[in-house]
Amino acid sequence: MSFLSDLNKAQQKAVGHTNGPLLVIAGAGSGKTKALTHRVAHLIAEREADPSNILAVTFTNKAAREMKERLELLLAKNYAENKYAQSWSSLDQVHQRQIRSNIYQSTTKDLWIGTFHAIFARLLRFDIDKYLDPEGLSWTKQFSIYDESDSLNLVKEIITQELQLDPKRFEPKKARWSISKAKNYGWTADQLEKEFEGHNGKLSAELYRRYRRALAANNALDFDDLLLLPVQLLQQNEAVRNYWHSRFRHILVDEYQDTNRTQYELLKLLTTNGVSPKNYTNWKNRSIFVVGDADQSIYSFRAADFTILMGFQDDFKNHSQENKDKIMVKLEDNYRSTSTILKAANSLIENNKERIDKVLKATREEGELIKLTRCDDEISEAEAVIHRLRLTEANNYNLKWGDMAILYRTNAQSRAIEESLVRWGIPYVVVGGLRFYDRREIKDILAYLKLLVNKNDSLSLLRIINVPRRGIGKTTIQRLTDASSQLGIPLWEIVTDTEAVRSLAGRSAKGIFEFTQLIESLDKELINSSPSIFIQKVMERCGYLNELIAEATEEAEERRQNLQELVNAAIQFEDENEESDVSGFLASAALASDADKKDTEADRVTLMTLHSSKGLEFPAVCIVGLEQGLFPGYRSLSDPSALEEERRLCYVGITRAKEQLFLFHANERRLWGGMREPAVPSIFLSEIPEELIKGDLPLSGGTSLRRQKNLPRLTRIDRKENTSSKKERSFSSPSNAIRRQSKEWNVGDHLIHNSFGKGVVTHLFGSNERRSIAVKFDGMGPKIIDPRLAPIESINEEQLS
DNA sequence: CCGAATTTAATTTTT
DNA sequence: TTAAATTCGG
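For every chain, the first residue of its written sequence is number 1, and the numbers climb from 1 along that sequence. Key to labels: chains lettered from A, ligands numbered from 1, both in the order written. The model is predicted, so local features are restricted to residues of pLDDT at least 70 and side-chain atom pairs to those at 80 or more, both for listing and for counting; the totals for chains, interfaces and linings are taken over all residues. No hydrogens and no water enter the side-chain calculation; it runs on all heavy atoms of the structure.

Undergrad: Mind showing me how you'd approach the packing of aromatic side chains here?
TA: Within a pair of aromatic rings, the relevant descriptors are the distance that separates the centres and the angle that separates the planes. Between the rings of Phe, Tyr and Trp (Trp by its six-membered ring), a pair exists once the centres lie within 6.5 Å; its type follows the angle of the planes, with under 30 degrees stacked, over 60 edge-to-face, and the other angles tilted. On inspection of all chains with the given rule, the structure shows 19 aromatic pairs. Where Tyr-299 meets Phe-301, the ring centres are 5.6 Å apart and the plane angle is 40°; that geometry is what we call tilted. Only protein chains enter the calculation, and the probe is 1.4 Å; a residue is then buried if its accessible area is under 20% of its type maximum, exposed if over 50%, and partly exposed in between. By relative accessible area, Phe-301 is classed as partly exposed at 47%. Pairwise contacts between aromatic rings join Trp-112, Phe-126, Tyr-243, Trp-244 and Phe-248 into one cluster. Working rule: Lys NZ or Arg CZ, within 6 Å of ring centre, within 35 degrees of ring normal, means a charge sits over the ring. We note Arg-122 situated over the ring of Trp-112; from NZ or CZ to the ring centre the distance is 3.9 Å. A cation sits over an aromatic face here: Arg-302 above Tyr-299, 4.9 Å from the ring centre.

Okay, here's the thing in structure tokens:
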């Protein structure tokens, strides 16, 4: 029973739980991760379950990786003790490594541990071809995953190209948001129209329909689809559902307060095979084990809903169980923070109305008081933070830079602090902000890979067709995409049709041939290259690397290094996944976040948003920008439930701290560029008992860089005038131009081609001077040809018969 | 068709 | 302030 031995009563109850549902309410720092890993180890060691029967859902990829890591170590130690009766640390390195490798092969390899998105993307790689779409859309196993920016690009494209709307009137960002909302609530386009009645409901619904079709045409899925499609698939296909239901007998979910309705639906389908949880009785060798803390629910903007957690007991309470407490365990002992910090956290969160009653009980000493510093502006705030950290470092010989974190509400706040850190020469790392995989050069190379895996991915094709430069311009691309959309043929098939290209592209045809030949030659090597080697090949062969080297600027060098980093990421992926291929790597890249990047052991101060700090802990924590309108954010000031979420976010921030907590706020702040905004202290500060806080002297903010500028305001007004005098966008549709053509070919004309035989004109492209036509010949798809070059002759309809 | 120059809009939080 | 979009001259 070694996996139960070093746990407290409540933890033991949770870990030892065998069958049926269990809700674990786990306060911050109460050993929740420990409970999860020990439970998995326990299940395996006690032969309750085969590793392949276990599914563990984490909130980030990093958490998944850590869980695997800790589990492996746990099992390895256990193995060492049982087999050799020796403690793990007394074994030599070679031995240790060998045991870990055994554990990996026999156990951890077969576990499914990952985020909802990663897990269900994986499931779809098996079964997406069995999905039946209500509109008849379909996807193949090679599907691409579109991240938020890809998806937004697609929406933009549809708004401007297909619907011919002004993106200023119908904003792509908002439109994308409404689509996401529809997907998260499982609405059809018609339902979306009703929900958004009066707010562009009709348009939104139309856009939603087109967006879904466009995704299918690209054989691509967005983040929401990765959850929504599996729900529908499991609902509609009994065989598929049975398979996964019998496969995953023990399901564990971390950060359960941040699941959304779709994710909950997935859990229910897998656990009870479609039966209502209340009526489900077959819990033999089966369990669902969810761990969460409603007070740490901070993702409602992503449709997370902590009432799912609060409803767990009622939902899963079986008729035979009279006491619903039987399926709930509370972990309230906090092992992380000093009692001062805990008191502050508890008092703060008590101001929330919607919550499960829960108090964190301290197990540690009182510790030092919380220190609050008022500053003049964000620059002196940054200086004050650095001052504080340097003092802390100097006074505590056991505290290193790596033990400290600076947390803020918005990513933009990091800049001022970074500048100060640089000025003082303090090593630091920023996590979050722009994702590694969002960098341009990375997205470019990944677009090559995506296209190679999935030829229908026109979005990726368009991204790289002229990157690096191949002399293919805007007009050419427009003609090609017009042809593709009007004929309903994937862009790839247009660009690989030599005749069509010659006809449509004119003098950029050469560049296009160059491009298609490149892709086709790379395609031949796709199957027998590992991801890392293949990426290297792509970078070299497409000329991207050479272009960066030729540029010889500092920026280009940085890009080159990022690309090298991409190769390294692929190598790491290969190490972690035995059967790794390019499409697997692409999926992991699409779902990776910046917070996932491997912990460098370097001794550096960590900067990040409060959101990404969830699940972490630091001996010393600074929270900056505690001002009304910033934290809590201005959008939540008039919305009580949004304010409660901000408070939970603050609670998360405070409970990250083990020993020392420093709070900061400024009297005024430059939001962007110039203008100063006066700021009042955050309401949260007043919710922490005064006796826990030691106020600092206001730091004199004699920093330089202080210039009163009236200029920006004037230029701003000038710009406004410019905008208003700007011409309205033209709404003329391309069909007007087509109707204008004077001679020769019209849609419906019949013709005869020397080698293709008889055909009928279906589409016209380009204007009079440079005209191409699409012809449907008997027994083949439409061909695009140049009427002046092609060996064709017009024929009358009578001649046809 | 390309790159430089100009202008414009933007701040939550992330899988 | 900066990143991205748009315009303009070669």
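After that view, the rundown keeps rolling.
Undergrad: Teacher, can you tell me more about the sheet that holds strand β16 (residues 657–666) here?
TA: Strand pairing in a sheet relies on backbone hydrogen bonds. The paired strands run either parallel or antiparallel. Only when DSSP finds a minimum of two bridges between them are two strands counted as paired. Strands here are runs of E lasting at least two residues and helices are runs of H or I lasting at least four, both read from the DSSP assignment and numbered beginning at the N terminus. Pairing within the open sheet is parallel, and its seven strands lie in the order β13-β14-β12-β15-β16-β11-β19. The two strands at the open ends of the sheet, each matched to only one other strand, are β13 (428–430) and β19 (693–695). Ignoring which end each strand starts from, the neighbouring axes of this sheet average 20° apart. The sheet contact formed by strand β12 (residues 404–408) and strand β14 (residues 605–609) spans four bridges and is parallel. The residue of β14 that forms the bridge with Ala-405 is Thr-606. Here, axes are lines fitted to C-alpha atoms. For helices the fit covers the stretch in contact, and angles between N-to-C directions go from 0 to 180 degrees.

Undergrad: I would appreciate a short explanation of helix α3 (residues 32–45) in the present structure.
TA: An α-helical turn contains 3.6 residues, so a residue and the one three or four places further along point in the same direction. Here the expected span of a helix is defined as 1.5 Å times the quantity of residues minus one. Spanning 14 residues, α3 covers 20 Å between terminal C-alpha atoms, matching the ideal 20 Å at 1.5 Å per step. Among the residues making up α3, those that are buried are Lys-32, Ala-35, Leu-36, Thr-37, His-38, Arg-39, Val-40, Ala-41, His-42, Leu-43 and Ile-44. Downstream of α3 by a residue or two, Arg-47 has a phi angle that is positive, lying close to 60°.

Undergrad: It is not clear to me how the protein's contact with DNA strand B should be interpreted in this structure. Could you clarify?
TA: In the vicinity of DNA strand B, 30 residues are found, and the nearest of them are Arg-409, Arg-469, Thr-475, Ser-593 and Arg-635. Considering the 4 Å shell around the protein, atoms of DNA strand B inside it are sugar or phosphate in 57% of instances. Between N or O atoms, a polar contact is any pair within 3.5 Å; within protein, one atom must be a potential hydrogen donor and the other a potential acceptor, and residues adjacent in sequence are included only when both atoms are from side chains. Between His-117 and DNA strand B, the recorded distance is 3.1 Å, taken from a side-chain N or O atom to a base oxygen. Interatomic distance of 2.7 Å between a backbone N/O atom of Asn-411 and a phosphate oxygen of DNA strand B. Of all the secondary structure elements, the ones that give two or more residues to the surface near DNA strand B are α21 (474–487) and α31 (711–725). Per element, the largest residue contribution to the surface near DNA strand B is three residues, and it comes from α21. Here the surface near DNA strand B is built from residues that sort into seven nonpolar, 15 polar and eight charged. Here a residue is near a molecule or strand as soon as one of its heavy atoms is found within 4 Å of it. Polarity classes work like this: nonpolar for Ala, Val, Leu, Ile, Met, Phe, Trp, Tyr, Cys and Pro, charged for Asp, Glu, Lys and Arg, and polar for all others, with Gly in that last group.

Undergrad: Can you walk me through the environment of Asn-184 in this structure?
TA: Looking at the secondary structure, you find Asn-184 in helix α8 (residues 172–185). With 130 residues separating them in the primary sequence, Asn-184 and Asp-314 have C-alpha atoms 23 Å apart. Apart from the residues lying within four places of it in its own chain, the contact partners of Asn-184 are Asp-224, Asn-260, Thr-262 and Ala-303. Contacts are assigned to residue pairs with any non-hydrogen atoms lying within 4.5 Å of each other.

Undergrad: I would appreciate a short explanation of unusual backbone geometry in the present structure.
TA: Generally, phi is negative for residues other than glycine and the peptide bonds are trans, each holding for most cases. For the bond from Val-467 to Pro-468, the omega torsion is -5°, close enough to zero to count as cis. Relative to the elements of secondary structure, Pro-468 occurs in the loop between α20 (458–464) and α21. Cis rather than trans, the peptide bond between Phe-631 and Pro-632 has omega equal to 5°. Of note, Asn-273 is a non-glycine position whose phi angle comes to about 55°, a positive value. Even without a glycine there, the phi angle at Ala-303 is positive, about 70°. Mapped onto the elements, Ala-303 comes out in the loop between β7 (287–292) and α14 (307–310).

Undergrad: What is the right way to look at the sheet that holds strand β22 (residues 772–777) in this model?
TA: Spatially, five strands are ordered β23-β22-β21-β20-β24 in an open sheet, and the strand pairing comes out antiparallel. Looking at the sheet topology across the chains shown, the edges are occupied by β23 (782–785) and β24 (792–795). On average, each strand axis in the sheet is inclined to that of its neighbour by 40°, with strand direction left out of account. Judged from the four bridges that link them, β22 and β23 form a sheet pairing that is antiparallel. Looking at β23, one finds that Lys-776 is bridged to Pro-782. Where α21 meets the sheet, its contacts fall on β21 (757–765), β22 and β23, and the angle it forms with β21 comes to roughly 120°.

Function cannot be inferred from these measures alone, as they are strictly geometric.
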